[in-house]
Amino acid sequence: MSSHEEGDLKLTEERLARISVLQELTVSALDLFDPRRSMDDLLDRLAMRLGCRAVVCLGPSERGTPRLLGASGLSRASRACPLPAASSLEELCLPYLELAGEGLVRWVFRVTPPEGPADALGCVLLLYFDGEPRLPAQYHGVVERLADILRTALLHRRLYARTLESERGLFEQKTLLECQSEASLDGILFVATDAAASYNERFREIFELPEAVGGFGDLLEPVADRTAVPADMAERMKRMVLCREEQNRTEVVLHDGRSFDVACAPVKSRDGVYFGRSWYLRDITERKRVELERALLFQQEQLARAQAEEARQRASFLAEASRLLASSLDYSATLERVAQLALPSFADWSMVDVVEEDNSSHRVVVAHFDPAKAKLAEALRTRFPPNEEAPAGAGRVLVDGKSELFAELEPALLRQIAGCEEHFEVLQALGARSAVIVPLTARGKRLGAFSLVYGDSGRRYGEAELALAEDLACRAALAVDNARLYLRTREAVQARDEFLSIASHELRTPVTSLQLAAQGLLRVAGNGGFDAVPPAFLRTSLETSVRQSARMAQLIDRLLDVSRIQAGKVELQLEPVDLAAVAREIVAVSREEIASAGCELTLQADGPVVGRWDRQRLEQVTANLLSNALKYGAGKPVELRVEAAGDLGRLVVRDQGIGVPADRRERIFERFERAVSARHYSGLGLGLYIVQRVLKALGGSVKVESEEGAGATFVVELPLDGPPSREARGEEDHRGAAQG
Amino acid sequence: MSTEITPCGRVMLVEDDADIRAMVGMLLELEGYQVVSTSNGGDALKILRDGERPCVILLDLMMPVMNGWQFLAEQAQDPAIAPIPVVVMSGDGRGREKPAVARAAGFLKKPIDLQTLLNTVQRFARA
């Protein structure tokens, strides 16, 4: 090998050594990419390879003050020494003991290129040698290269550190978010743009999903199926997942009844990058329940309030009704008031049907709130009496005494109630869509029926209205009963007054004759003694006196008889009596009366009609009926007929006199009653009363058939067997007395 | 009214009770009056319209066919007989206040006292 060659070889070896050092240091520098690795390793290698006493790398701290980044050849104590502030790291006077000796040579390398960014590492690499290093000059260049590499390594190290920091931060945030999401009471579903679906535990629970599903498509069906209307839910979710902007809120009900408030919104970054769409489900079942409860409570309260108000209105309505009803005792005025009571607040029209004491019924008032319907109402009143044969309606209520409620009056039913087409048409014209019919009952007696009807006003009756109508009817019935009693009392008082007037007239008539006879005799005798009294006058006076005394006695007997009969003490002497014979006898003794009445009498009493009766009482009955016929049928034929009819004996007395008006036919058998005014006909008005009571005691009956102006026919019927047994009669008498 | 009637001895008696009619008629006749008797208002009107002109009419109220009140009303309507004074005989004292009866010239309450009857008739008639 030549020296030249040797020199070359040496050069080459040296270069190779340098390259090797640079390589080793470069590798070590590259390790610094990892921020967890210390710089000291690199600096130790550098110091060793170059024979440095110490190597120090300085850089700025976060606060901008100098900081020891790494060192080789420094004790731990030195490393802990704080560095003084300095404007330049090269100028910094380092406080390390190791660098305090004389003769130290320092190499300075700026790690940051001057053109680097302001915040780039303002680092310096300081190499300290004990005297001038015995190194080839090229090593300076090697360290410069190393400084470049170090700069890059530090740059990367910092970036890497930041990356690690970011990753940790991201991980922390992700963990936090996941915790929050899992802890959330709301169900959360996120569907990314690639249709990948993720959801929290709560969402999984709600829809009973597996731990994880692949994508939105796998999720759709199990989610939709849990809702009350799956098709709706699926359709809505499919639509929403496709749109990037829309936000909405809906309420979804699951088929187990739970309700959810579902908010659906796009998920975007702050700068508007779209990641996907989220659904947030909040269970509002409890809230809904509370709301519902509150609504129910509110409704109940409203209802209670309405009921209280209704009760108040009813009370005031009834109070007003009572006040109105109490304001008059006039019978027809009261009935009119009853009909008007409910108009128009409680009925469009109303009517009152009345059962009279003889059980006949008739329509007394029909009142309509609309005056234009007055004619129709009047037609209903006069032409269509309550139909007692109808299966429903006022007639039925009159018979059964039970209320009827027709919430809806269908035409078919209305037709049934009406009974005939004409009646039906009148009802329709008045308007009849809903009705209540309540009985008027007082003291256990059916007085009538009160009908309330709604026409076209759209209102309907229900149970509450029925109760109110019944309440109203109770008060109305009381008023009607009072008015009727008052009317009867007045009539009774009037009858009594009339009787007193008649009785006094009847008694004064014989007294007048008697008094005139006596005073006349005295006056005539006073002039010239009784011898002077003309015999004809004397005879007439005495005859008059005898006759009128007998008449007075008879009148008094009759009054006493009436009072005995009234007390239920009809003494009967039962024996076989021939009614035909009784009739013949009475006709015989009444010849004079018949003649003076100017009546032609026909007696038809052929065969004997024998029954177990009281002779004297039968005579009384026959005489009273005959005398009645003669009185009211004076001047016209009178017919008397006796016949047997099965197990009954029958006496018929027919006259052709003034007759008995229909409304008085029952009452002529009452005390002090007569068919016509007392001004024309004298008599006590007791005859027919006695007849009726005697016949009742005998187990028989009397009724009158008459046409006003065309005479009257009295028909007496008596059981041939006589009155019922004494016990039965005794009970009846007792009851009669109790009622009296 | 009575001044227009020439006093005479004729008395009309309208009474449905036969015994009263007989007694009053007989007693007045014994006093010297001429008595026209009838049993109801209708007959009385007929007799009057036939020309009978009594000085006074004794009138019962409660009678069949035509009662006393109706008679008074009819009489008042007929100018020919309206002036004849009427004395009402009634057992009912309250009847006096009724308008038709209040217009009557006199009132005799039953039972009738003979002296009162004679005094009353005397005011209108000369026996």
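Every value quoted in this text rests on a predicted model; they were computed, and no experiment measured them.

What about the nonpolar core?
All names here are of chain A. Counting residues in hydrophobic clusters, the biggest one holds 48 residues, and the most contacted among them are Trp613, Leu618, Leu625, Val642, Leu651, Phe714 and Val716. It is helix α19 (residues 687-697) that provides the largest number of residues to this core, a total of seven residues. Contacts of Leu625, omitting those with residues within four sequence positions, involve Leu651, Val653, Leu688, Val691, Phe714 and Val716. Residues Leu325, Phe346, Ala367 and Leu466 belong to the second largest nonpolar core, which totals 36 residues.

Digging into the interface of chain A and chain B
The interface of chain A with chain B comprises 27 residues on the first partner and 31 residues on the second. A buried area of about 2,600 Å², summed over both sides, lies between chain A and chain B, and 58% of it is on carbon and sulfur atoms. Where chain A meets chain B, there are three salt bridges. Here Glu31(B) ties to Arg523(A) by a salt bridge, and the two come within 2.5 Å at their closest N and O atoms. At the junction of chain A and chain B, the tally comes to nine residue pairs in polar contact (both at pLDDT 80 or more). Looking at the side of chain A that touches chain B, the elements that each hand over two or more residues are α14 (463-528) and α15 (535-566) of chain A. It is α14(A) that provides the largest number of residues to the side of chain A that touches chain B, a total of 16 residues. When the residues that make up the side of chain A that touches chain B are grouped by side-chain class, the tally is seven nonpolar, 14 polar and six charged.

Notes on empty space enclosed by the protein
Residue and element names in this part refer to chain A. Tallied over the entire structure, the rule returns three cavities of 30 Å³ or more. Each pocket or cavity is described by its volume, and for the largest cavity that value is around 190 Å³. Along its surface, the largest cavity is lined by 20 residues, and Met351, Ala394, Ile417, Leu427 and Ile437 are the ones closest to its centre. Of all elements in the fold, only β10 (349-355), α11 (394-400), α12 (411-418), α13 (421-430), β13 (434-442) and β14 (445-454) reach the threshold of two or more residues within the lining of the largest cavity. Residues that form the lining of the largest cavity fall into these classes: 14 nonpolar, five polar and one charged. Roughly 70 Å³ of internal volume is contained in the second largest cavity.

A few points about the environment of Arg45(A)
All names here are of chain A. Here Arg45 shows up in helix α2 (residues 40-50). Residue classification places Arg45 among the partly exposed residues on the basis of a relative accessible area of 32%. Other than its neighbours up to four places away in sequence, Arg45 contacts Glu24, Leu25 and Ser28.

Regarding the pairing of strand β19 (residues 648-655) of chain A
Residue and element names in this part refer to chain A. Sheet analysis places strand β18 (residues 638-645) next to β19, joined by eight bridges and oriented antiparallel. Bridging across to β19, Ala645 finds its partner in Leu648. The antiparallel pairing of β18 with β19 creates a hairpin that spans two residues between the two strands, and Gly646 there sits at a positive phi of about 65°.

Here we look at the side chain of Asp60(B)
The residue Asp60(B) is located in strand β3 (residues 56-60) in this model. Reaching out from Asp60(B), the side chain makes a polar contact with the side chain of Lys110(B) at a distance of 3.0 Å. Each residue touching Asp60(B), except ones within four places of it in the same chain, is listed here: His505(A), Val14(B), Glu15(B), Asp16(B), Gly68(B), Met89(B) and Lys110(B).

Some details on the confidence of the model for chain B
Summary statistics for chain B give a mean pLDDT of 86 and a share of 87% for residues scoring 70 or more. Of the two predicted TM-score estimates for the complex, the pTM is 0.49 and the ipTM is 0.88.

About the cut-offs
- Residues numbered from 1 in each chain as written.
- Chains lettered and ligands numbered in written order.
- Predicted model: local features only at pLDDT ≥ 70, side-chain atom pairs only at ≥ 80, totals over all residues.
- Heavy atoms only, no water.
- Core = buried A, V, L, I, M, F, W, Y, C linked by side-chain atoms within 4.5 Å.
- Buried < 20%, exposed > 50% of the residue type's maximum accessible area, 1.4 Å probe, protein only.
- Helix = DSSP H or I, 4+ residues; strand = E, 2+ residues; numbered from the N terminus.
- Contact = heavy atoms within 4.5 Å.
- Buried area = accessible area lost by both parts, 1.4 Å probe.
- Salt bridge = Lys/Arg side-chain N within 4 Å of Asp/Glu carboxyl O.
- Polar contact = N/O pair within 3.5 Å; in protein donor to acceptor, adjacent residues only side chain to side chain.
- Nonpolar A, V, L, I, M, F, W, Y, C, P; charged D, E, K, R; others polar.
- 1 Å grid on protein atoms, 1.4 Å probe; cavity = no way out; pocket = protein on both sides within 12 Å on 5 of 7 lines; lining within 4 Å.
- Points joined across faces, edges and corners; volume = space filled by probe spheres on them.
- Pairing = 2+ DSSP bridges.
- pLDDT = per-residue confidence, 0-100.

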